[in-house]
Amino acid sequence: MSSHAETIPPAPEERERLTRIQIDRSCRQTVVWYYASAVFWLLVGTVLALIASIKMHTPGFLADWEWLTFGRVRPAHLAAMIYGWGSMAGVGTLLWLQARLTRNRLPLPTLLPATAVIWNLTVTFGVIAILAGYSTSIEWIEIPPATAILFGFCIAVIIAASIRMFRSRESEHTYVSQWYLFGAIFWFPLLYVSAQIFLHTPAAAGAVKAAANWWFAHNVLGLWFTPIGLATVYYLIPKVIGRPVHSYHLSLLGFWTLAIFYNWAGTHHLIGGPLPAWLITVGIVGSVMMFVPVITVAVNHHMTMVGNFHHLKHSPTLRFVVYGAMCYTAVSFQGSLQSLRSVNEITHFTHYTIAHAHLGVYAFFTMVMFGAIYYVAPRLLNAEWHSAGWIRVHFWTTAAGMAIYWLGLTWAGWEQGRMMNDPRIPFLDIVKYTVPWLWSRSAAGVLMTVGHLAFAWLFWNMLRKRGAYLPGPTLLLRKGEPAAVAAGGGE
Amino acid sequence: MAAFYIALWGLAALLGATAIAALVWAIRRGEFDRLREASLSIFDEEEPVGEVTDRFPGQRF
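What counts and what doesn't
- Residues numbered from 1 in each chain as written.
- Chains lettered and ligands numbered in written order.
- Predicted model: local features only at pLDDT ≥ 70, side-chain atom pairs only at ≥ 80, totals over all residues.
- Heavy atoms only, no water.
- Helix = DSSP H or I, 4+ residues; strand = E, 2+ residues; numbered from the N terminus.
- Rg over C-alpha atoms; globule rule 2.2 N^0.38 Å.
- Buried < 20%, exposed > 50% of the residue type's maximum accessible area, 1.4 Å probe, protein only.
- Areas by Shrake-Rupley, 256 points an atom, 1.4 Å probe, with all protein chains shown as cover.
- Expected span 1.5 Å × (residues − 1).
- Contact = heavy atoms within 4.5 Å.
- Buried area = accessible area lost by both parts, 1.4 Å probe.
- Salt bridge = Lys/Arg side-chain N within 4 Å of Asp/Glu carboxyl O.
- Polar contact = N/O pair within 3.5 Å; in protein donor to acceptor, adjacent residues only side chain to side chain.
- Nonpolar A, V, L, I, M, F, W, Y, C, P; charged D, E, K, R; others polar.
- 1 Å grid on protein atoms, 1.4 Å probe; cavity = no way out; pocket = protein on both sides within 12 Å on 5 of 7 lines; lining within 4 Å.
- Points joined across faces, edges and corners; volume = space filled by probe spheres on them.

Undergrad: How do you make sense of the overall build of chain B when you look at a structure like this?
TA: What chain B contains, in helices and strands, is two helices and zero strands. Relative to its length of 61 residues, chain B is extended, with a C-alpha radius of gyration of 22 Å against a globular reference of 10 Å. In terms of principal-axis extent, the alpha carbons of chain B reach across some 65 × 35 × 10 Å. The proportion of buried residues among the 61 residues of chain B is 41%. Summed over all atoms, the accessible surface of chain B reaches about 3,200 Å², with 65% contributed by carbon and sulfur.

This is the structure in structure tokens:
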């Protein structure tokens, strides 16, 4: 193709450049809506998280108003983070990745932004309903079931858009990220609909309901957030450092083994519960089999990064994404081990599990989404992030906050579990033992809140285009090129 | 009771079956024949291999 470059204008480089601008611009309205909403829910979820965390060591805090009792604030935090922040950041990234990877414009320019609005209304209704006392009290699916139709409509539109882009794709290859993305959008509705049927109809009751609950909840992590997160990692690490993934074979092996094993793992949440042993054993086998995709993905990402770690110093996206990818390995190893009966009898019903959950949803998924937004937003809005300093604040407060959170609760949870297994130790002594570690959780939460505020401030300024104006499709200044025009307020 | 456990297990099996069906479809379509090209498909002339595409704002390279 390059031999035609001199004779036929526009040059291939120019064509590629135009295409990418057009693709990114076609995503602007929808993806910016999703991202801005996600950032809003991140803040809401953070406030609810802090309230819940403080209540754990200072039970009198805001205890006089039933809307803010622990039993309501904690599920409201989960709903805001999972369905508000996580899913909306995830869908935004998913749509942008689909457009880029199929080299297609994002279709349905009215319907897709409308889904963002509907999604927001649904989450708003859900969070308020939970705070008002209308939670279903089934973990991970506390939002009243009436909202299922609205979520279902949004997902249907997102599937339609993805299929349309894929069917008329310009690229003849299916990149590994696309497999993960298709996994996410086809499995999630199946999970969601089945869970609604199993949980909210008389079809299931008692222990069966618990089994259905954890099959769903664990799969939301494994077949919704994990594939979107890994798709993003598989695109952004090679793209940022400019080097193809170390082994494409391994990347595919990782996807297909995840696709086949993950879905069986959920019942490990019920080890020791009143369920048939075979059901739990299937869950444990599925969890241990997850070592295959996890080791595959870990080796592959590490080998891709070898020789390129110096880029971490210069690229905000890479920092967040690599931190997230490393935590994916850690959380999955931990998860497989935790599913073993001998380990689980210590960790179950302790703070250890909370640390593990945050290592997955926060340290892995959320950090990867931060990285994605740092990469995508400037390309959609043609503006530079307005402050490198605030990005550093965001990274270090969230990275350190998460580390403190995890270390404190993992240690406390392990000791708590060992003490609970010893009938000679009074329960109240165990509760008292955990209090300092619960304070460390709140301290970590404050650090992460600072990071989220920095991020929200950066995003707000991005929306107002306070950063330097970027005339080109990428935000990079090359040596000798004229500096980008400051649009006011930038550094 | 047992019927519901089996139904749940069947649902998990159905999910697994979609993965295997997709795998068979992908093999038949020859998705795994040209892996090197697929791994390079995210690069193009304007952002080729070797080009770093992200920096802190204001940084040059």
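The structure having been displayed, the exposition proceeds.
Undergrad: Honestly, helix H5 (residues 176–200) of chain A in this entry has me stumped. Any pointers?
TA: Given 3.6 residues to a turn, an α-helix orients residues that are three or four positions apart in the same direction. Taking 1.5 Å as the rise per residue, H5 of chain A with 25 residues should run 36 Å; its terminal C-alpha atoms sit 36 Å apart, in good agreement. Counting buried residues along H5 of chain A, 19 of its 25 residues qualify, which places the element largely inside the surrounding structure.

Undergrad: When you look at the interface of chain B and chain A in this model, what are you seeing that I'm missing?
TA: Often the size quoted for an interface is simply the accessible area lost on bringing the parts together. Chain B puts 47 residues into the contact, and the matching count from chain A is 78 residues. Taking both sides of the interface into account, the surface hidden between chain B and chain A amounts to around 5,700 Å²; carbon and sulfur atoms contribute 65%. The interface formed by chain B and chain A holds five salt bridges in total. The interface formed by chain B and chain A includes 16 residue pairs in polar contact (both at pLDDT 80 or more). If you list the elements that add at least two residues to the side of chain B that touches chain A, you get helix H1 (2–28) and helix H2 (35–40) of chain B. Ranked by residue count, the leading element in the side of chain B that touches chain A is H1 of chain B, at 17 residues. Here the side of chain B that touches chain A is built from residues that sort into 27 nonpolar, eight polar and 12 charged.

Undergrad: Quick question: what am I supposed to make of empty space enclosed by the protein here?
TA: By rolling a water-sized probe across the atoms, one finds the places where empty space is left. Scanning the model with the defined rule gives three cavities of 30 Å³ or more in all. Forming the walls of the largest cavity are 14 residues, and the residues nearest its centre are Arg20, Arg100, Arg103 and Tyr235 of chain A together with Asp44 of chain B. When contributions to the lining of the largest cavity are tallied by element, the ones reaching two or more residues are helix H1 (12–57), helix H2 (70–102) and helix H6 (207–241) of chain A. Top element by residues in the lining of the largest cavity is H1 of chain A. It accounts for four residues. The residue makeup of the lining of the largest cavity, split by class, is five nonpolar, three polar and six charged. Roughly 110 Å³ of internal volume is contained in the second largest cavity. Looking at the second largest cavity, the residues that line it are Trp215, Asn263, Trp264, Gly266, Thr267, Leu279 and Val282 of chain A together with Leu8, Trp9 and Ala12 of chain B. With three residues, H1 of chain B is the largest single contributor of residues to the lining of the second largest cavity. Of the residues in the lining of the second largest cavity, the class split is seven nonpolar, three polar and no charged.

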